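Each chain, written out:
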Amino acid sequence: MTKKRITRKTKSKPKARSSSKGRALEKPFETALYFGFNPIKTPSVTKEDLSQLRAVKDPYYDPKRIQTESPFTFDVLEKISLLKNLENGNIENKYWPILISYKKPIVDTYTKKPTDFTMGLEIFGVSGSTAEAILIRTTLSILAEEGYENLTIAINSLGDKESVAEFGRVVNGFVRKHMNGFPADIRKMAKHDIFDILRNKDEKNATVQEQAPKSMSFLSEESRIHFKEVLEYIESFDVPYDITPNLIGSPAFCSHTIFEIRTNVESGGELLAQGYWYSRLSKKIGMKREVSAIGVTISFKKKNLRASTKGIPKPKFYLIQLGFGAKIATLAVIENLRKAKISVTHSLAKDKLGSQMLSAENMNTQHVLIIGQKEALEGSVMVRNVSTRAQESILIKNIAIHLKKLR
């Protein structure tokens, strides 16, 4: 993947600069930093952003409802603000892809209690399933650090633009055909937004939902492969998941994977995180090109929330991966090292060895960690001394102990 510089425009808006330099980080932001998410100062929502929310033309995101809903429902307004800040060069980052974390809400309209902590993670410039993998793995680590257990992932896919369009066409036909047979409240719901009858979790709506089209039935071959890879990543996290047809977000601009993370599902379940792709939103709000974008909102009651006085240590190692299986193993290694307070620089979004080696050289590191298909199968990491070219294979379970000796 070639490096691209972000085009910067001369504007007077304050920049959403990194907040990690010289500051103590709250624990969730520290955890995210291990996975490459750079904390930024929360940008502001403008009147222009609000007007562009209307331009999205999705009845589900009615601006009049923002005052009464949760951060999980209306964070699209924040996505618009972030995309505009990205376009205007107000998010400080030199090269794509861009991974950021920030405190929520951008606009103070939520009804969440003061004891709740809300943050966002966003990835720009990654189009493959690696984006979901990084996002979900980071979210699980943040929640685990805060003491949450028994986590479960609900997940669904809308597929690519063509898949979404076909799904919408068939749902519209289904609603028109069966409208007269729907109960009165469901008819009212469908007149406002045909997709509300699929999202609604009321038991009396269960029969309609069973009969209604499912988005998974309209995935293109490429979309099926994408979703299959996402599920393979999740299976490696050893967290139960469930494919949930009524998890469809907004077909007006969402695509591919939509997911939620809850705790204690058996007793009702508390929603802790919700994420989705919103690449199609960029053109909806007038940007010249489509920007690959996926994000998650994480919101939970404070448990172990605290400031980190030291932050994470400066990375002394660069982690290189080669192949899909190696990417899965790489996430396991990063999580292993995070728990041991060892930070590594990595480029999970890159596939080519040359570009990763160049990044390692620019970092001027003394050791590189390499995971190829062979290492992924063996559950090991190749540790190479850059100066002497000497290398040795270390089991993943022992990698943290080995690297501490090198430090």
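Just so it is clear, the structure is predicted and the values come from calculations on it, not from any experiment.

Quick look at the packing of aromatic side chains
For step 1, the next point in the chain: Scanning the entire structure with this criterion turns up nine aromatic pairs.
For step 2, the next point in the chain: Between Y276 and Y278 the ring centres are 6.0 Å apart and the planes differ by 70°, which places this aromatic pair in the edge-to-face class.
For step 3, the next point in the chain: Overall, Y278 belongs to the buried group, its relative accessible area being 0%.
For step 4, the next point in the chain: Against the face of Y276 rests K79, its NZ or CZ located 5.4 Å from the ring centre.
For step 5, the next point in the chain: Sitting over the face of the ring of F237, R137 holds its NZ or CZ atom 5.3 Å from the ring centroid.

Some points on the sheet that holds strand 12 (residues 345–346)
For step 1, the next point in the chain: Spatially, five strands are ordered 12-11-13-14-15 in an open sheet, and the strand pairing comes out mixed. Of all the strands in the sheet, just strand 12 and strand 15 (391–395) have a single pairing partner and so form its edges.
For step 2, the next point in the chain: Here two bridges tie strand 11 (residues 317–321) to strand 12, and the two strands are oriented parallel to one another. Following the sheet pairing, L319 is matched in strand 12 by H346.
For step 3, the next point in the chain: Contacting strand 11, strand 12, strand 13 (367–371) and strand 14 (380–385), helix 11 (residues 324–339) runs over the sheet at an angle of about 155° to strand 11.

What about helix 3 (residues 76–87)?
Because an α-helix completes one turn every 3.6 residues, residues spaced three or four positions apart along the sequence face the same direction.
For step 1, the next point in the chain: A rise of 1.5 Å per residue sets the reference length of helix 3, with its twelve residues, at 16 Å; its end C-alpha atoms lie 16 Å apart and thus fit the reference within 8%.
For step 2, the next point in the chain: In terms of residue burial, helix 3 counts as a mostly covered element, since eleven of its twelve residues are buried.
For step 3, the next point in the chain: For helix 3, the elements touching its buried residues are helix 2 (47–55), strand 3 (98–103), strand 4 (116–124), strand 8 (270–277), helix 10 (281–284) and strand 9 (293–301).

Topic: unusual backbone geometry
For step 1, the next point in the chain: The phi torsion at D238 lies on the positive side, around 60°, for a residue other than glycine.
For step 2, the next point in the chain: As for its position among the elements, D238 is in the loop between helix 9 (221–236) and strand 6 (241–243).
For step 3, the next point in the chain: Taking the relative accessible area as the measure of exposure, D238 reaches 71% and is therefore exposed.
For step 4, the next point in the chain: Of note, R389 is a non-glycine position whose phi angle comes to about 70°, a positive value.
For step 5, the next point in the chain: Its location among the elements puts R389 in the loop between strand 14 and strand 15.
For step 6, the next point in the chain: A residue is classified by how much of its surface remains accessible, and R389, at 55% relative accessible area, is exposed.

Some details on the side chain of Q321
For step 1, the next point in the chain: Within the secondary structure, Q321 is located in strand 11.
For step 2, the next point in the chain: In this structure the side chain of Q321 is engaged in a polar contact, spanning 3.4 Å, whose partner is the side chain of K327.

Structural notes on a positive patch on the surface
For step 1, the next point in the chain: Residues K57, K161, K283 and K284 make up a contiguous surface patch of positive charge.
For step 2, the next point in the chain: With respect to the helices and strands, K161 occurs in helix 5 (residues 161–178).
For step 3, the next point in the chain: Under the relative-accessibility criterion, K161 is labelled exposed at 53%.

Observations regarding the environment of A55
For step 1, the next point in the chain: Of note, A55 is situated in helix 2.
For step 2, the next point in the chain: You can call A55 partly exposed: its relative accessible area is 38%.
For step 3, the next point in the chain: Separated by 229 residues in the primary sequence, A55 and K284 have C-alpha atoms spaced 7.2 Å apart.

Things to note about the pairing of strand 8
Two faces, one strand: in a regular strand the side chains alternate between the faces of the sheet.
For step 1, the next point in the chain: Taken across its eight residues, strand 8 has seven buried, putting it largely inside the fold.
For step 2, the next point in the chain: Pairing of strand 7 (residues 255–263) with strand 8, which is carried by seven bridges, proceeds in the antiparallel orientation. Bridge pairing in strand 8 places E260 opposite Q274.
For step 3, the next point in the chain: Between strand 7 and strand 8, which follow one another and run antiparallel, lie six residues, and N264 among them has a positive phi close to 50°.

Conventions we followed
- Residues numbered from 1 in each chain as written.
- Predicted model: local features only at pLDDT ≥ 70, side-chain atom pairs only at ≥ 80, totals over all residues.
- Heavy atoms only, no water.
- Phe/Tyr/Trp six-rings, centres within 6.5 Å; stacked < 30°, edge-to-face > 60°.
- Buried < 20%, exposed > 50% of the residue type's maximum accessible area, 1.4 Å probe, protein only.
- Lys NZ or Arg CZ within 6 Å of the ring centre and 35° of its normal.
- Pairing = 2+ DSSP bridges.
- Helix = DSSP H or I, 4+ residues; strand = E, 2+ residues; numbered from the N terminus.
- Contact = heavy atoms within 4.5 Å.
- Axes fitted to C-alpha atoms, helices over the stretch in contact; angles between N-to-C directions.
- Expected span 1.5 Å × (residues − 1).
- Polar contact = N/O pair within 3.5 Å; in protein donor to acceptor, adjacent residues only side chain to side chain.
- Patch = residues over 30% accessible without salt bridge, like charges linked within 9 Å, V, L, I, M, F, W, Y side chains within 5 Å.
- Areas by Shrake-Rupley, 256 points an atom, 1.4 Å probe, with all protein chains shown as cover.
- Salt bridge = Lys/Arg side-chain N within 4 Å of Asp/Glu carboxyl O.
- Lys, Arg positive; Asp, Glu negative; His and termini not counted.
- Charge placed at Lys NZ, Arg CZ, Asp CG, Glu CD.

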